[in-house]
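# Chains, contacts and geometry: an overview
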Amino acid sequence: MAGWGETDQSSLPGASLVADASPACFQDALEALERLSSEELEQMYSGRLSDQSEAGEVRLPSRPESGPVARRLVLSVLESWELHQQLEVGELLTGELVANAVRHAAGRTIGLQVTRKPGWLRVEVRDSSRALPCLIVAEPLPPTDGGRGLRIVDDLADRWGADLLPRGKGVWFELKVRERS
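Our subject in this report is the structure included herewith. (Residues numbered from 1 in each chain as written. Predicted model: local features only at pLDDT ≥ 70, side-chain atom pairs only at ≥ 80, totals over all residues. Heavy atoms only, no water.)

## A closer look at helix α4 (residues 87-104)
Spelled out, the test is: In DSSP terms, a helix is any run of H or I states spanning at least four residues, a strand is any run of E spanning at least two, and both are numbered starting from the N terminus. Multiply 1.5 Å by the residue count of a helix minus one, and that product is the helix's expected span. For every residue, the accessible area (1.4 Å probe, protein chains only) is compared with the maximum for its type, and the residue is labelled buried under 20%, exposed over 50%, or partly exposed between those bounds. Two residues form a contact once any of their heavy atoms are found within 4.5 Å.
Its 18 residues give α4 an end-to-end C-alpha distance of 26 Å, which sits within 8% of 26 Å, the value for a rise of 1.5 Å per residue. Of all the residues in α4, the buried ones are L87, V89, G90, L93, T94, G95, E96, L97, V98, N100, A101 and V102. The inward-facing, buried residues of α4 abut α3 (66-80), β2 (109-117), β3 (120-127), α5 (149-156) and β5 (168-176).

## Focus: unusual backbone geometry
A positive phi angle, close to 55°, is found at E82, a residue other than glycine. Relative to the assigned elements, E82 resides in the loop between α3 and α4.

## Digging into the nonpolar core
The following threshold applies: In these notes, a set of buried Ala, Val, Leu, Ile, Met, Phe, Trp, Tyr and Cys residues joined through side-chain atoms within 4.5 Å is what counts as a nonpolar core.
Counting residues in each nonpolar core, the largest one holds 36 residues, and the members touching the most others are L41, Y45, L112, V114, L121 and F173. Breaking this core down by element, the ones donating at least two residues are α2 (38-45), β1 (58-61), α3, α4, β2, β3 and β5. In this structure F173 touches G90, L93, T94, L97, L121, R122, V123, V153, A157, R159 and W160, once residues within four positions along its chain are discounted.

## A look at the environment of E57
We apply this condition: Whenever two N or O atoms come within 3.5 Å, that pair is a polar contact, provided that in protein one can donate a hydrogen and the other can accept it, and provided that, for residues adjacent in sequence, both atoms are side-chain atoms.
Within the fold, E57 resides in the loop between α2 and β1. Through-space distance from the C-alpha of E57 to that of R126 is 9.2 Å; in sequence the pair is 69 residues apart. Only 2.9 Å separates the side chain of E57 from the side chain of R59, close enough to count as a polar contact. Of the polar contacts made by the side chain of E57, one reaches the side chain of R126; its length is 3.5 Å.

## A look at the packing of α4 against α5
Put simply, the rule reads: Between N-to-C directions, angles span 0 to 180 degrees; the directions come from axes that are lines fitted to C-alpha atoms, helices contributing only their stretch in contact. The handedness criterion is simple: a crossing whose near helix is rotated anticlockwise from the far helix by less than a right angle is left-handed, and one whose near helix is rotated clockwise is right-handed.
It is the contact of α4 with α5, at a shortest axis distance of 9 Å, that shows an interaxial angle of 145°. The two elements α4 and α5 cross, and the hand of that crossing is left-handed. Only G149, L150, I152, V153 and L156 of α5 make contact with α4, whose side of the interface consists of V89, L92, L93, E96, L97 and N100.

Below is the structure:
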């Protein structure tokens, strides 16, 4: 097996990205993406998110197993950008956004983007639903009831929000980054 980042992506089933597929091939690409294991998804997307020369979005199947994959991908990006102070919170908040997208959106895939601008790190999770998330300020829920994801995002992110897209929405958080001089 190739080392991290050394996999020939064309050899993986589903390597043709769903977002880049022509309408005729879309269903086949989607089915191939859904058949990939978590390890194959990580190998396929390794390094793609950290390359800021192209604004890249990776597509993940909308299933619970995609949460850990997305967290590990974001961790890899943050490590490659030497943003060690954002590792823990970036991983946690990514997991919350992906869990919400998987739980509440009806689509078969979700998108993940990581971008960096001077002083800021942004992680965005896209899904096919146009229903915007709502932070409900109410009595705290018991720990087993769930429903605290956006509260955690609101508490830990420097900024967060949601944008309607032509086909769905993007929910994002931003963290302040101290730039090296």
